Amino acid sequence: MIPKKKKAVFFTVFFLGCLWTGVGFGASKRAAYLKVGLFAEPKTLNIWLASDRWSFSVLSKIYQGLVTRDPETLELIPWLAETLPVYDPQTLSYTVTLRDAEWSDGSPVTAEDVAFTGNLIKEFKIPRHYWRWNFVKAIQVKDAKTVRFVLEKPMAIFLSRTLTTPIVSKKEWEAVAQRARKAGKPLTALMNHKIKNPIGNGPFVLKTWKQGAYLLLTKNPHFFGKGLKIAGHVLGPHVDGVLFKFYGTSDAAILALKKGDIDMYWWSVQAGYLGDLKKNPKITLFRNERSAMYYMGFNLRKPPFNDVALRQAVATLIDKDFIITRILQGDGERMDSVVPKGNKFYYCRPDTLWGAGLSREQRVKAAYKRLVEAGYSWKVPPVDESGKGVRAKEIRLPGGAPMGPFTILTPPADYDPLRAMSGTIIQEWLRAFGMPASAKPMAFGSLLDQVKVRRDFDAFILAYGKLSLDPDWIRAFFHSKNDKVRGRNMSGYHNPEFDRIADLSAATMDKKARRKLICDMQKILMKDLPYIPLYTPKMIEAVRNDRFSGWVNTLEGIGNIWSFCLVKPIRP
Amino acid sequence: MELWRYLWRRFIQIGITFFVILTILFVLFRIAPGDPVTRMIGPEMTTEDAVRLISQLGLDRPLWIQYLYYVRNFFTGNFGYSFHYGQPVIEIIWDRLPNTVLLFTSSVILSAVVGVFLGKIAAWRKGKRSDTLMTLGALVTHTVFLPWMALILIWIFAYRFGWFPINGMISEEIWLDPSAGLWIKALDVFHHMVLPLLTLFLIYFGSYLLIMRSAMLETLKEDYILTARAKGLKEKVIRNHHAAPNAALPVVTSVGLSLAFSINGGALTETVFSWPGIGRELVFSVSNNDYPLAQAAFLLISAVVLVSNLVVDLLYAYLDPRIRY
C-alpha cells in the first residue's frame, strides 16, 4: 500500500508538471509561422475532389492558374502566364506564353503541364471544372513555354474562368490518371486518389498535415513570383510558412485570436464579437466588400408566385435597409440588382428600385396599388378608406379565391442567423399585408434538396458567396434551359428575350459590348424578379497586429493570394 | 453448459439485431431529406455534372441494388469511400476512434469512480449538510448545458489564466519539434485533455452520484446491514464492504452502457474543443449526407453497444451470485 501522503504528493507533482509542460512550451517555442485559424478542417488535398472552402483555403496556396485578378483594379492580369493572351477571332484561339516557373520539386512548369491539366479535366469530365473547359476544342503545345487553346465557339468566360483553373503537374498526375482509366469508375478513382505530398507551383508547399490538429505549409523555394513585381507588388512570400489550425466554433477561434494562439481568423467575424474585438489594441479589423448575393427566390412554376405583380409587391414591401441596419448591424450593402455593387464593372443600376427610400406606409401603399391593378382584393385591405395603412386580412387572388398559405424556406439560425432572421421579418411584413406567409428554417442540405431536387417550395432565402467577377452565372441561374431537376435555374424562370441576350452575352468577346448585354439582363431580371436580391454582407476579418503586417484588402477580404505573398513579420 | 447455451442464444440475437440495424440505417439515410451531391457541387456546375457525380457514387442504381451492394460490402469488410474525404471510411474511423475512446472512456471512468465514491458518502450521511451539498451540486452540474459549461471553462482556465490550451488535442510547437520525445508528447495530449475531461466529468459525475446514493439508501435498509451492525462491525467496514458493493450493481449497468456509447463521442464536446473524434465526423457525415461514413460510424456504435450489453449482463451475473444464466 502506498501511503496517502505519498499518493497526494505524486499526483500534485504530476499535475503541476503537466501544467508546466504545456504552458512552458506554449510560451517559449513560438515558431515564426503565420498562424491562421480556420472554422473547420480541410477535407482533402485532392484538388479534383475538394468541394469545401477549407480545402480551397489551403489548395489556393499550393496550385496556381495562368491568370489572376489585380487586387486593386480587379482586372485580369497574367500570373503563371507571361502576358494576357489575346483572342484571335479568325481561328477562335488564344495563345498563352508561360513565365519561367518551377514546380515545388524543382522541375520546370511547361506547356505540357497546362495541356495535361486541360485534357485531364476534359477526359474525366471533372465536375467542378468541366463546365469551363467543355468548349475548348483542342489544346496544342507549341513549345515548352507556349500553348494554344482552340475553342469550339467564342466563349467570353475563357480568360476569367478557364485560365484561372489551377494547373497541376503532369509528372505527378499522369500515373494517377493512367491507373484511374483502368478502374471501373475512372472519375471516382481520380477523385479518391490520396494526395500525400502535392507538387505545386504556388508560394507554399505542404510540409505536414496532422489530421484533426494542424496543417503546415512552408515557403516554396521555387515559387515563380518570388521577387517579381506584379500588380505593383514585389512578391514574397516573406513568412516561413502558414500554419492552419482548426476551430469548431467562432467562440473558440476568437478567444484564440485574442490570446495570440493565431494571427488571423479566416472567417467573417459576426457582429456579436465586434464590440469586444474593437477594444483590443492588438487586433485589427478589416472590412471589405463581398461578391455575394443574399436573396429571396420564388417558385415561378406554380401560384401564387408565378404572378410577376405579386413578386413586385413583395419586393416593394421588403425594407432592405431595415434588414441591413437591424439584422446586419450596418455591415452590409443593399442589393438592387443580382450583380453585387462590389463588382464595379458589371453592376448596373436597374430602372426600378422597388421601395427604396420609402417609409413603411409608403411601401404598403405602393404594393397595394400594384396588386389592386393586377386584380387582387382583401377581406380587410392594407389601406383603409382614408388612405391610412392598416393591418390587412386575407388577400384574395385575381380570381377571388383566398391566397393559400405559403412558406419561405430559410437555413436554420445556427447555420446562418442573418438569413433565418431575415425570413422571419419578411414573414411579418407579408402577414401585415394580409399574405399567409410562414418562414420555415430548415437544415441546409434539406433546403437545397427541396429547392433543387424536389422543386417543391413556394419561396426561399439563400445566398451565393464568392460569385465570380465575370457574371456569366446570371445566364446559368436564369436561363430556361437550366430549369430542370438539379438545374441551376431554381426558380423556374422562363423569358425568351432573356435567354436570347444571355446566349449572346456568353459569346460576345468584346468586353464593353458584353457589359451592355449583361446590364440588359440585370434590368430584365429586376423587372421580372425571379429573385429579390436582398443584401451583400461585408467581409469582416480580424487579425493580430503585433506579429505580421502587410495584409492586402480586396473584394472578398484579406484572405487572398496577395496577402499570403506580401505579409511580413514585424521585427521586434 | 447453461452459460454456453445462453451465450450462443445471445450471439444469435445480436446477429439478428445487427442485421436489422444494418438495414434500418440504409433505409433511414436514403429517405432522409438532403442530397449527397447537392452539397458537393458548386452553384455554377451543370446538371450533367451532378448526374455524372451521382453515377460515379453509385447512387443512380435502384435502391435494392444499392442495398445488395451495401450488404455484400459489409460482409467483405468494405465500407466504401467517404464522398467528401475521398478516403476509405474505415481509415477515417480508425484514425478518429482512439481520440474519442481516450477522452470519453477516461471521462466515464473518472466520473463513475468519483460519482460512486461521493454517492456512497452522501447516502451514508443522509440528511446532513454534506449530503445536501453533494446532491445539489450533482443536480446543478448534471443539468447545465454542456457547450455553455465548456465555453466558461475555456474562458476561465484557457483564456484568463492561460493554464490550458483553448482547444485541440496537440500543440504544433511540440509535435513539430523533432527533439520532443514520446513522454513530452503524451503530456501534451494530457494537457489538452484536461478541460474537455473536466467538462465531461462535471456534467456526468452527478448522474453516477445520484444513482449510487439512491441504490445505497435502499441497500442500507437490508437485513444483512442490520446483521453486520449487530455483529459489531465498524461503520466504515459496513459501508465499504457490505453496503457499497451491493449498491454498486445499478451503476455497473450504467457505466457499461456509457462506456459503449462513449465511442460515438460527444458531438458537442468534440466540436467546442475541436477534439478530432468520431462525434464530429458523425455530425459532418449526417449533415452532408456522406452515406458511407455515416453508415459505418453508426454500425460501429451499434456493434459496440450490442456487445457491451452482453458483457454487462455477464458482469452482472459475476457480481451478483443470485443471478445465473
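Residues numbered from 1 in each chain as written. Chains lettered and ligands numbered in written order. Predicted model: local features only at pLDDT ≥ 70, side-chain atom pairs only at ≥ 80, totals over all residues. Heavy atoms only, no water.

Novice: Can you walk me through the nonpolar core in this structure?
Specialist: Nonpolar side chains in soluble globular proteins generally cluster together in the buried interior. Core analysis: the biggest nonpolar cluster contains 114 residues, and A:Trp48, A:Leu66, A:Phe149 and A:Phe244 have the highest contact counts within it. No other element matches helix H1 (residues 2-31) of chain B, which puts eight residues into this core. Here A:Trp48 is in contact with A:Thr117, A:Leu120, A:Ile121, A:Ile126, A:His129, A:Pro166, A:Val168, A:Trp173, A:Leu190 and A:Met191, once residues within four sequence places are set aside. Counting residues in each nonpolar core, the second largest holds 77 residues, with A:Tyr294, A:Leu409, A:Tyr464 and A:Ile474 among its members. (Core = buried A, V, L, I, M, F, W, Y, C linked by side-chain atoms within 4.5 Å. Buried < 20%, exposed > 50% of the residue type's maximum accessible area, 1.4 Å probe, protein only. Helix = DSSP H or I, 4+ residues; strand = E, 2+ residues; numbered from the N terminus. Contact = heavy atoms within 4.5 Å.)

Novice: Help me understand helix H13 (residues 278-287) of chain B, please; the structure alone is not making it clear to me.
Specialist: Since one α-helical turn is 3.6 residues long, residues separated by three or four positions face the same way. All names here are of chain B. Along H13, seven of the ten residues are buried, which leaves the element largely enclosed by surrounding structure. Turning to H13, its buried residues are Ile278, Gly279, Arg280, Glu281, Leu282, Phe284 and Ser285. On its buried face, H13 sits against helix H4 (89-124), helix H12 (267-272) and helix H14 (291-319). Just downstream of H13 lies asparagine 289, where phi reads positive at about 50°.

Novice: Looking at this model, I keep getting lost on unusual backbone geometry. Mind explaining?
Specialist: Negative phi values dominate among residues other than glycine, just as trans dominates among peptide bonds. Residues and elements named next belong to chain A. Between glycine 236 and proline 237 the backbone carries a cis peptide bond, its omega angle lying at 10°. Relative to the helices and strands, proline 237 is located in the loop between strand E11 (233-234) and strand E12 (241-246). The peptide bond linking proline 303 to proline 304 adopts the cis configuration, its omega dihedral lying at 0°. Within the element layout of this structure, proline 304 appears in the loop between strand E15 (293-298) and helix H10 (308-317).

Novice: Which parts of the structure should I look at to understand the domain arrangement of chain B?
Specialist: One frequent convention defines the size of an interface as the accessible area lost when the parts assemble. Residue and element names in this part refer to chain B. The assigned domain composition of chain B is domain 1 (2-75) and domain 2 (90-319). If you look at the interface, domain 1 gives 22 residues, while domain 2 gives 16 residues. When the two sides are added together, the surface that domain 1 and domain 2 hide from each other amounts to roughly 1,700 Å², 72% of it contributed by carbon and sulfur. Here domain 1 is connected to domain 2 by one salt bridge. One salt bridge connects aspartate 313 with arginine 10, and the closest N-O pair in it is separated by 2.5 Å. Broken down by element, the residue count for the side of domain 1 that touches domain 2 peaks at 14 residues, all from H1. Residue composition of the side of domain 1 that touches domain 2, grouped by class: 16 nonpolar, two polar and four charged. (Domains from an automatic or database assignment. Buried area = accessible area lost by both parts, 1.4 Å probe. Salt bridge = Lys/Arg side-chain N within 4 Å of Asp/Glu carboxyl O. Nonpolar A, V, L, I, M, F, W, Y, C, P; charged D, E, K, R; others polar.)

Novice: Would you mind going over the layout of surface pockets with me for this structure?
Specialist: To find leftover empty space, one rolls a probe the size of a water molecule over the atoms. Estimates place the volume of the second largest pocket at around 810 Å³. Taken together, 31 residues make up the lining of the second largest pocket; nearest its centre are B:Leu57, B:Asn73, B:Gly80, B:Tyr81 and B:Pro292. Of all elements in the fold, only helix H7 (186-191) of chain A together with helix H2 (47-56), helix H3 (63-75) and H14 of chain B reach the threshold of two or more residues within the lining of the second largest pocket. Each of domain 1 (2-75) and domain 2 (90-319) of chain B contributes no fewer than three residues to the lining of the second largest pocket. (1 Å grid on protein atoms, 1.4 Å probe; cavity = no way out; pocket = protein on both sides within 12 Å on 5 of 7 lines; lining within 4 Å. Points joined across faces, edges and corners; volume = space filled by probe spheres on them.)

Novice: Sorry if this is basic, but what is going on with the state of the cysteines here?
Specialist: Each disulfide consists of a covalent bond between the sulfur atoms of two cysteine residues. Residue and element names in this part refer to chain A. Inspection of the entire model under this criterion finds one disulfide over all chains. Each sulfur in the disulfide pair cysteine 348 and cysteine 519 lies 1.6 Å from the other. Taken together, the residues cysteine 348 in the loop between strand E16 (332-334) and helix H12 (360-373) and cysteine 519 in helix H17 (residues 511-528) connect sequence positions 171 residues apart. Of the residues examined, cysteine 519 reaches a relative accessible area of 8% and is grouped as buried. (Disulfide = S-S within 2.5 Å.)

Novice: Would you mind showing me how to read the pairing of E12(A) here?
Specialist: Each regular strand carries side chains that alternate between the two faces of the sheet. All names here are of chain A. Among the six residues that make up E12, six are buried, leaving the element largely enclosed by the rest of the structure. Where burial is concerned, the two faces of E12 agree: the one with Gly241, Leu243 and Lys245 and the one with Val242, Phe244 and Phe246 are both buried. Strand direction decides the pairing type here: strand E1 (residues 34-38) and E12, joined by five bridges, are parallel. Bridged to glycine 37 within E12 is lysine 245. (Pairing = 2+ DSSP bridges.)

Novice: Got a minute to help me understand the sheet that holds strand E14 (residues 283-288) of chain A in this structure?
Specialist: Each strand in a sheet pairs with another by means of backbone hydrogen bonds, the pair being arranged parallel or else antiparallel. All names here are of chain A. The seven strands lie next to each other as E8-E9-E12-E1-E13-E23-E14, forming an open sheet whose pairing is mixed. Two strands lie at the open edges of the sheet, namely strand E8 (204-210) and E14, each paired on one side alone. Pairing between E14 and strand E23 (residues 539-544): six bridges, direction antiparallel. Across the sheet, asparagine 288 pairs through a bridge with methionine 539, a residue of E23.

Novice: Explain the domain arrangement of chain A here, please?
Specialist: Residues and elements named next belong to chain A. Domains assigned within chain A are domain 1 (26-62 + 202-288 + 538-572), domain 2 (67-172) and domain 3 (293-537). One C-alpha centre belongs to domain 1, the other to domain 2; they are set 28 Å apart. Taken together, the contact between domain 1 and domain 2 spans 21 residues of the former and 26 residues of the latter. Summed over both sides, the interface between domain 1 and domain 2 buries roughly 1,800 Å², with carbon and sulfur atoms accounting for 70% of that surface. It is Trp48, His222 and Phe224 in domain 1 that bury the most area against domain 2; as a group they hold 42% of the surface buried on that side. Linking domain 1 with domain 2 are zero salt bridges, by the criterion used here. On the surface where domain 1 and domain 2 come into contact, there are five residue pairs in polar contact (both at pLDDT 80 or more). A class-by-class count of the residues in the side of domain 1 that touches domain 2 yields 15 nonpolar, six polar and no charged. (Polar contact = N/O pair within 3.5 Å; in protein donor to acceptor, adjacent residues only side chain to side chain.)

Novice: For this particular structure, what's the right way to read a nonpolar patch on the surface?
Specialist: A surface patch of nonpolar side chains, amounting to about 910 Å² of accessible area, comprises B:Trp8, B:Phe11, B:Ile12, B:Ile16, B:Val20, B:Ile24, B:Val27, B:Leu28 and B:Ile31. Mapping B:Val20 onto the fold places it in helix H1. (Patch = residues over 30% accessible without salt bridge, like charges linked within 9 Å, V, L, I, M, F, W, Y side chains within 5 Å. Areas by Shrake-Rupley, 256 points an atom, 1.4 Å probe, with all protein chains shown as cover.)

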